[in-house]
Amino acid sequence: GQSLEQPSEVTAVEGAIVQINCTYQTSGFYGLSWYQQHDGGAPTFLSYNGLDGLEETGRFSSFLSRSDSYGYLLLQELQMKDSASYFCAVGSAGKSTFGDGTTLTVKP
Amino acid sequence: DTGVSQNPRHKITKRGQNVTFRCDPISEHNRLYWYRQTLGQGPEFLTYFQNEAQLEKSRLLSDRFSAERPKGSFSTLEIQRTEQGDSAMYLCASTSADRAAYEQYFGPGTRLTVT
């Protein structure tokens, strides 16, 4: 089966940088995805790493190390609207398995 | 296309009743997924379809749950003899087969409350 671990909560101030880590154990691994979910909303896709290294999309970057079964999501220039839950998800065999999410609180 | 839609958005039912939810995916997507999410947890995989074929069903899914996608477009999820433990948000997501493992588009969900 698959299991993912990520911190349950992170707090940071506006304008800062925050890193949300994710470690996983899985079989048939294709890649690591990140999703954002605001309270009461649906998860929305942020980024994907199929290969080792860093992927950058605007203020968000995501990193993967397959050898360490580890990845992270980096959020820069934090804004209040970034307060949300962030889920890492392992893709394998046509489906995704999600972690339990990290609640990010951005304070002024 | 306006994205993935789900109906109803909220459903309150009494224990023992049957409920059915509908999901309309993004039209060009051939893969459709159902998830269940409870407070403080990530989406939990239930089942998925490629076109009209149901390719996988979670082992955790009781036989009270059934899903269909009869024409490869919209899908329905039925829960029979609901229990209080079925109370959750039921999410539908769609994607194309080449992106299925990593980039899914979610609908707003149906929140089920079993009293």
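Look up a bit, the structure's there.
Numbering of residues starts from 1 in every chain and runs along the sequence as written. Whichever chain is written first becomes A and whichever ligand is written first becomes 1, with later ones labelled in order. Per-residue local features are limited, in this predicted model, to residues with pLDDT of at least 70; the limit for side-chain atom pairs, both in listing and counting, is 80 or more; totals at the level of whole chains, interfaces and linings are taken over all residues. Only hydrogens and water are set aside; all other atoms, that is, all heavy atoms of the structure, feed into the side-chain values.

**Things to note about the pattern of salt bridges**
All names here are of chain B. Put simply, the rule reads: Within this document, salt bridges are pairs made up of a side-chain nitrogen of Lys or Arg and a carboxyl oxygen of Asp or Glu, the two lying within 4 Å of each other. Buried, partly exposed and exposed residues are distinguished by accessible area as a fraction of the type maximum, computed with a 1.4 Å probe on protein chains only: under 20%, between the cut-offs, and over 50%, respectively.
Scanning all chains against the criterion turns up six salt bridges over all chains. Between Arg22 and Asp24 there is a salt bridge; the shortest N-O distance is 2.8 Å. The closest approach of N and O atoms between Glu44 and Arg36, which form a salt bridge, is 3.4 Å. For Arg36, a relative accessible area of 15% puts it in the buried group.

**Points about the layout of surface pockets**
Inclusion rule: Detection works on a 1 Å grid of protein atoms alone, calling trapped sets that fit a 1.4 Å probe cavities and calling open sets with protein on both sides within 12 Å along at least five of seven lines pockets, with lining residues defined by an atom within 4 Å of a point. Grid points are joined across faces, edges and corners, and a volume is the space filled by probe spheres set on the points. What counts as a helix is a DSSP run of H or I of at least four residues, what counts as a strand is a run of E of at least two, and both are numbered from the N terminus.
By volume, the largest pocket amounts to about 550 Å³. What lines the largest pocket is a set of 23 residues, and nearest its centre among them are Thr97 of chain A together with Glu44, Phe45, Ser58 and Leu60 of chain B. For the lining of the largest pocket, the elements supplying multiple residues, two or more each, are β1 (3–5) and β10 (95–98) of chain A together with β4 (31–37), β5 (44–50) and β6 (53–57) of chain B. Considering every element that reaches the lining of the largest pocket, the biggest residue donor is β10 of chain A, with four residues.

**A word on the sheet that holds strand β6 (residues 53–57) of chain A**
All names here are of chain A. The cut-off we apply is this: Only when DSSP finds a minimum of two bridges between them are two strands counted as paired. Axis lines are fitted to C-alpha atoms, over the contacting stretch for helices. Their N-to-C directions set the angle, which ranges from 0 to 180 degrees.
Here we have five strands laid out as an open sheet, ordered β1-β3-β8-β7-β6, and antiparallel in their pairing. Every interior strand has two partners, whereas the edge strands, β1 and β6, have only one. The average angle at which neighbouring strand axes cross in this sheet is 20°, direction not considered. Of the strand pairs in this sheet, strand β3 (residues 18–25) and strand β8 (residues 70–75) are connected by six bridges, and their pairing is antiparallel. Along β8, the bridge assignment pairs Thr23 with Tyr70.

**As for the interface of chain A and chain B**
Quick note on the threshold: We call two residues in contact when some of their heavy atoms are within 4.5 Å. Each of two parts loses accessible area, computed with a 1.4 Å probe, when they are put together; buried area is these two losses added. Any N or O atom pair separated by 3.5 Å or less is treated as a polar contact, with the protein-specific requirement of one donor-capable and one acceptor-capable atom, and with residues adjacent in sequence counted only for side-chain atom pairs.
At the junction of the two partners, chain A supplies 18 residues and chain B supplies 20 residues. Between chain A and chain B lies a buried interface of about 1,600 Å² when both sides are counted; carbon and sulfur atoms form 55% of it. By the criterion of area lost to chain B, the three top residues of chain A are Gly94, Lys95 and Phe98 of chain A, representing 30% of everything that side buries. Run the count over chain A and chain B and you get one salt bridge. Of the charged contacts in the structure, one is a salt bridge between Lys95 of chain A and Glu56 of chain B, with a shortest N-O distance of 2.6 Å. At the boundary of chain A with chain B, the tally comes to six residue pairs in polar contact (both at pLDDT 80 or more).

**Regarding the state of the cysteines**
When the sulfur atoms of two cysteines share a covalent bond, that bond is a disulfide. Residues and elements named next belong to chain A. Note the cut-off: The disulfide criterion is simple: two cysteine sulfur atoms within 2.5 Å.
Tallied over the full model, the rule gives two disulfides over all chains. Two residues, Cys22 and Cys88, share a disulfide whose sulfurs are 2.1 Å apart. In this structure the cystine formed by Cys22 and Cys88 twists about its S-S bond by roughly 75°; its chirality is therefore right-handed. Here Cys88 lies in strand β9 (residues 84–92) and Cys22 lies in strand β3, a separation of 66 residues in the sequence.

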